[in-house]
Amino acid sequence: MSRRVRDFRDGVAMIVTDLHGDGEAYGRYRDRFLELRAQGRADRLILCGDLIHSEGPAHQDMSLPILRDVMRLQTELGPDRVVVLLGNHELVHIYSLPLSRGEVDYSPGFERKLAEAGPAFRAEVLGFLNDLPFFVRTAAGVMVAHVGPSPAAALPAGREVLAEFDHRALIEAVDAGLAKRPLAELKAEYGRLTGGSYDEDAAYFLAVTGPDDPRYRDLLRVLALDRREPAFGVLWEAFFCRNERGISQDVYASVVARFLETWSNGAPAAQRVIVSGHIPVAGGYQIVADRQLRLASRAHAHPDHAGLYLLLDCAAPIQSPEELVSHLGSVFEP
Ligand SMILES: [Mn+2]
């Protein structure tokens, strides 16, 4: 079976997207899942990635406590009952890459808290992130992912790359390549590329303590991991794609159709609909390109208390995203 794809043929899945460090919302969703589970109305929780990185004040960012709790819950209930999909915000930490958008630097706070938690817990968290699947496919014909379809992931060649993606092997190869070059030269190249000081940036973005820190060289990966590296290029596009934004509706609709066809290969049923998060919506959901249900459970819902979860019967065939709308629920409204 594929390393990065989980196939489910039965059971009701409660699907939640993009909590972005909101511990209060996470607690509500977890408790609702446990309640539904006790009533026999839900069998598994699928968290669609971007559990981490709050845009609010650092003290309100519950990213690490959320991960700790999810890891505990998964150990307790089992990996078929608690499923976490990789999001782009988790992805950058696997590679020790910085993540910023506009004025917001997302990665430093999380790296600092990981460093404070100590090397053993840090290794445990990174091991967990390293092993996260990318996609769920179901006998309902509904796929679940953090991001909707991207052109690279819609092609069979992209599926080959993503289905078995090995972060550890890629990191090892990149680090081995970097190790062959003098450190001074790499640091100078880093300075030319980013305009920053390597030592200051390694301290700021990765909470590296100095040249003796075993992670001192990790930020150098930004020099080797770019989108021209073929496998990493596919991975990056699959996780940072903005879907229909910036392309025409017709082109995006054909990307979605091609994506579902490509990933139907070997699936429990033909995949006809994709459920994903990643992009803000008005209210708690949006139907895109007739085949995609964009779900926003908190951070990407507007207003945020309009956030919704989806209950998906993994065995009952679904033809269109409209059929899922009556299975949406709220933990914020009575
Ligand atoms: Mn995202």
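Please give an account of the overall build of the chain that cites residues and values.
When helices and strands are counted, the chain shows 13 helices and 15 strands. For the chain, the residues scored as buried account for 56% of the 334 residues in total. Sequence separation of at least 24 residues holds for 74% of the intrachain contacts in the chain that already meet a minimum separation of 6. Accessible surface, the chain: about 14,100 Å² in total, of which carbon and sulfur atoms supply 52%. When the 36 basic and 46 acidic side-chain charges of the chain are each reduced to a single mean position, those positions are 2 Å apart.

Explain the sheet that holds strand β1 (residues 5-8) to me, and be specific about the residues and the numbers.
Across the sheet, which stays open at both edges, the six strands sit in the order β1-β7-β8-β9-β12-β11 with mixed pairing between neighbours. Looking at the sheet topology across the chains shown, the edges are occupied by β1 and β11 (285-288). Strand-to-strand twist in this sheet, taken as the mean axis angle between neighbours without regard to direction, amounts to 20°.

How would you summarise helix α13 (residues 249-264) if you had to cite specific residues and measurements?
The first and last C-alpha atoms of α13 sit 23 Å apart over 16 residues, in line with the 22 Å expected at 1.5 Å per residue. Looking only at α13, the buried set comprises Y252, V255, V256, F259, L260, T262, W263 and S264.

Give a detailed account of helix α7 (residues 156-163), specifying residues and quantitative values.
Every buried residue of α7 is accounted for by G158, R159, L162 and A163. One face of α7 carries all of its buried residues, which in axial projection span an arc of 120°. Facing away from the buried surface of α7 by more than 90 degrees, the exposed residues are A157 and E160. Among the structural elements, β1, β7 (135-138), α6 (151-154), α12 (230-240) and α13 are those in contact with the buried residues of α7.

I'd like a description of the coordination of the manganese ion, backed by residues and values.
Bound to the manganese ion on the protein side are D50 (OD), N88 (OD1), H146 (NE2) and H278 (ND1), at distances that span 2.1 to 2.2 Å. Every donor residue of the manganese ion comes from the same chain, spaced as D-x37-N-x57-H-x131-H. In this pair, D50 is assigned in the loop between β3 (44-47) and α2 (63-77) and H278 in the loop between β9 (273-276) and β10 (281-282), connecting sequence segments 228 residues apart. For H278, a relative accessible area of 6% translates into the label buried.

Got a sec to walk through the pattern of salt bridges? Specific residues and values, please.
A complete count under the given rule lists 21 salt bridges for this structure. One salt bridge in this structure joins R28 and E24, with 2.9 Å as the shortest N-O distance. On the criterion of helical spacing, the pair formed by R28 and E24 is a turn pair, its members being four residues apart in helix α1 (residues 23-38). The class of E24 is partly exposed, set by a relative accessible area of 43%. For D199, the salt bridge goes to K187, with nearest N and O atoms at 3.0 Å.

Tell me what's going on with the packing of aromatic side chains, and back it up with residues and numbers.
A full pass over the atoms with the stated rule returns 14 aromatic pairs. Plain terms: the ring middles of Y29 and Y309 are 6.2 Å apart, the flat faces sit at 85° to each other, and that makes the pair edge-to-face. On the criterion of sequence distance, the pair formed by Y29 in helix α1 and Y309 in strand β14 (residues 309-313) is long-range, its members being 280 residues apart. Take Y29 and Y309: they sit in the same class, and that class is buried.

Scoring rules and cut-offs
- Residues numbered from 1 in each chain as written.
- Predicted model: local features only at pLDDT ≥ 70, side-chain atom pairs only at ≥ 80, totals over all residues.
- Heavy atoms only, no water.
- Helix = DSSP H or I, 4+ residues; strand = E, 2+ residues; numbered from the N terminus.
- Buried < 20%, exposed > 50% of the residue type's maximum accessible area, 1.4 Å probe, protein only.
- Contact = heavy atoms within 4.5 Å.
- Areas by Shrake-Rupley, 256 points an atom, 1.4 Å probe, with all protein chains shown as cover.
- Lys, Arg positive; Asp, Glu negative; His and termini not counted.
- Charge placed at Lys NZ, Arg CZ, Asp CG, Glu CD.
- Pairing = 2+ DSSP bridges.
- Axes fitted to C-alpha atoms, helices over the stretch in contact; angles between N-to-C directions.
- Expected span 1.5 Å × (residues − 1).
- Arc of directions from axis to C-beta.
- Donors = N, O, S within 2.8 Å, 3.2 Å for Na, K, Ca; no water.
- Salt bridge = Lys/Arg side-chain N within 4 Å of Asp/Glu carboxyl O.
- Phe/Tyr/Trp six-rings, centres within 6.5 Å; stacked < 30°, edge-to-face > 60°.

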